[in-house]
Amino acid sequence: MYWLDGARLAAAFCIIGIHSSADNVGQAFANALPGERVFPVLLRTVSEIASTEYFILVSLFLLAVRMSRNELPYFANVRQQVRRLLVPFLLWTVFYAFFRLYKAHYLGYADSMWSEIMQWQSWVYYLTLGWSNYHMHFLPTLFVLILFYPIYKLAIKAPVIGLAVLPLIYLNSMFGGFIWRTFEDIMIIESWMRVAKLLTYTGYGFAAYALYGIWLSGLDKKTSKSLFGFALLALVIGILIKLVHAAEIIQTGNFGIRRGAVYMGHFLFPCFMVMAFMGSQYFRWPQKLAQWSKYSFGMYLMHPAFLYMIEVVLRGQTLSPTALVLVKFTFAVTMSLCTSVAFGKSRWLAWTIGLGKIPFFESSAKSVPRTAVAS
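A few points on the structure. Here, residues in each chain are numbered from 1, in the same order as that chain's written sequence. Reporting of local features is limited, given that this is a predicted model, to residues whose pLDDT is at least 70; pairs of side-chain atoms are given and counted only at 80 or more, and all residues count toward the totals for whole chains, interfaces and linings. Side-chain numbers here rest on the full set of heavy atoms in the structure, without hydrogens or water.

### So, the packing of helix H2 (residues 38–47) against helix H17 (residues 321–344)
Helix-helix packing: each pair is described by the crossing angle between the helix axes and the interaxial distance. Put simply, H2 and H17 touch, their axes get as near as 7 Å, and they point 40 degrees apart. As far as their axial angle goes, H17 and H2 are oblique. Judged by residue contacts, Phe39, Pro40 and Leu43 of H2 engage Pro321, Thr322, Val325 and Leu326 from H17. For the contact of H2 with H17, a count of residues per class yields six nonpolar, one polar and no charged. Here an angle of 0 to 180 degrees is reported between the N-to-C directions of two axes, which are lines fitted to C-alpha atoms, with helices fitted over the stretch in contact. Helix and strand assignments follow DSSP, with helices taken as H or I runs no shorter than four residues and strands as E runs no shorter than two, numbered in order from the N terminus. Roughly parallel means an angle under 35 degrees; roughly antiparallel, over 145; roughly perpendicular, 65 to 115; everything else is oblique. Two residues qualify as a contact provided that any one of their heavy atoms is within 4.5 Å of a heavy atom in the partner residue. For this classification, Asp, Glu, Lys and Arg are treated as charged, while Ala, Val, Leu, Ile, Met, Phe, Trp, Tyr, Cys and Pro are nonpolar and the rest, including Gly, are polar.

### Some details on the nonpolar core
Core analysis: the biggest nonpolar cluster contains 83 residues, and Tyr54, Phe61 and Tyr204 have the highest contact counts within it. Ranked by residue count, the leading element in this core is helix H3 (residues 52–69), at 12 residues. Tyrosine 204 has contacts with Glu53, Leu57, Leu60, Val165, Ile169, Phe267, Pro270 and Cys271, leaving out every residue within four places of it along the chain. Remark: nonpolar core denotes a set of buried residues (Ala, Val, Leu, Ile, Met, Phe, Trp, Tyr, Cys) joined through side-chain atoms within 4.5 Å. Using a 1.4 Å probe on the protein chains alone, a residue whose accessible area is under 20% of its type maximum counts as buried, one over 50% counts as exposed, and one in between counts as partly exposed.

### Focus: the pattern of salt bridges
The working definition used for a salt bridge is a side-chain nitrogen of Lys or Arg within 4 Å of a carboxyl oxygen of Asp or Glu. Taken as a whole, this structure holds six salt bridges when the rule is applied. The partner of glutamate 48 in a salt bridge is arginine 44, with the nearest N and O atoms 3.6 Å apart. The two residues glutamate 48 and arginine 44 agree in class, both being buried. Between arginine 258 and glutamate 48 there is a salt bridge, with the nearest N and O atoms lying 3.0 Å from each other.

### Looking at the environment of proline 359
Here proline 359 shows up in the segment after H17. Relative accessible area serves as the criterion here: at 9%, proline 359 is assigned to the buried category. Separated by 12 residues in sequence, proline 359 and arginine 347 have C-alpha atoms that sit 7.6 Å apart. With near-sequence residues (within four places) excluded, proline 359 lies in contact with Arg347, Trp348 and Trp351.

### Let's talk about H2
At 3.6 residues per turn, the α-helix brings residues three or four places apart onto the same side. All of the buried residues in H2 are Pro40, Val41, Arg44, Thr45 and Ser47. On its buried side, H2 packs onto helix H1 (2–20), helix H13 (221–252) and H17.

### Describing a nonpolar patch on the surface
Patches in this entry comprise residues that are over 30% relatively accessible and not in a salt bridge; like charges within 9 Å are linked, as are nonpolar side chains (Val, Leu, Ile, Met, Phe, Trp, Tyr) within 5 Å. To measure how exposed things are, a 1.4 Å probe is used in the Shrake-Rupley method; for residues, cover is taken only from the protein chains shown. Taken together, Val38, Leu42, Leu232, Val236, Ile239, Leu240 and Leu243 make up a surface patch of nonpolar side chains, about 520 Å² in accessible area. Going through the elements one at a time, H2 and H13 are the ones with two or more residues in the nonpolar patch. Here the nonpolar patch gets five residues from one element, more than from any other, and that element is H13. With respect to the helices and strands, the residue leucine 240 is situated in helix H13.

### Some remarks on the side chain of serine 340
Along the polypeptide, serine 340 turns up in helix H17. Throughout this description, a polar contact denotes any pair of N or O atoms lying within 3.5 Å of each other; where both atoms belong to protein, one of them has to be capable of donating a hydrogen while the other can accept it, and for residues adjacent in sequence the pair is counted only when both atoms sit in side chains. A polar side-chain atom of serine 340 sits 3.5 Å from the main-chain carbonyl oxygen of glycine 298. In terms of polar contacts, serine 340 uses its side chain to reach the backbone carbonyl oxygen of serine 336, at 2.7 Å. Sequence-distant contacts of serine 340, defined by excluding residues within four places in its chain, comprise Tyr295, Gly298, Met299, Met302 and Ile353.

As C-alpha cells, then:
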C-alpha cells in the first residue's frame, strides 16, 4: 500500500504549505499589493487540497487497516490511542504554550502572552480545545473521533454509508452559523463549535471506513484507473471553485469565510484525495515512501516551532511575500522532517511523535509498526 504512504506524506507537506503561506500574523499579506499576494495565495489554495480534515481522514483509514489486522477490545484500543495521541498531546501542549514566548518576545507581545499563560482558564482551553498553538486541536479532535469507530465499521460492508459525509458537512456549516449568531462570548462560541465539529466530523469516519471497504473488495487495474479518473475530475472541479475564492483573497488581502460551493468543496476535497490515491494503487510508487511516511505525524507536530524560528530570523527583512513564503516553507519542511527522523530513531523520544513506546511506562521500547500508528 505504497499509495497510502504517499497520501500520508502529502498531508504533512500540504499542512506546512498552508501554514507557511500566511504572513507573520497569520493573515493574507494585507499590506502587500494584490500582485504580490498571487504566489502565497496560490500555494495555500493548492495546499488546502490536503488540509487538516484530510489528515483526519487518512488517520481514520489507517485505523481501519490496523483494526482489521489486529482487532482489540474497545477499551484496549482506546488505551492505545491515549498513549499514541493524548500523552504526546500533553507534552506538546506544554511545549508550545511556552515556546510561543520566543516569537512573542521578538515581535513585542510577550507581556500579553505571559498574561494568558498565567491564567488557569487558558490551560483549560489548551487541554480541551488544543489552544496552546494553532495546530494542536488535531490530536484531541482525532482522539474523540476514534471513539466512534465501532459504528464506522458499518460502512465497510455497506460503503454507501460513507455518503453520510455529505449531510454532516452541511450540518457543520449550519451549526456554525447558528452558534456565531446566538452567542457573543468567544470562549462559549469556540466550545460549542468544537462540539459541532466532533459530531459532524464523524462523517469522515464513515467515509474512511467506506473507502476501506471498497479497498477490501479488491479493485482490479481497470476499476482502479476509473476510480482515479473520477476522483481527479472531482478534484479539478474543486480546484476551479477554489481558484475563484483565491482571486477574491488576492484582491482583498483577507482570507474571508468559505460559503456555498467553496465551503462544500473544501471539506469534500479530503474524500476525493484519498480516492485518487487509492485509484493510483497500480502506479509505480517508490517503495522508500514507506520509510518516510511514518514521520508525517512528527512533521505535523514540529513544523510550527520552525516557522516561529524563521519568522524571528527574518523579522525586519524586506523580502517579498513570495520570497518569504518560499523560505518559510523550505525551512519548515527540511527541519521538521530531519528532526522527526532524529526523534524517531531515539528510544527516548520516538513516543513523542507516535512512533515508539514510552520508556519506563511500557515493558518494550520497540517501535510501533507504521501501519499501527493512527496518524
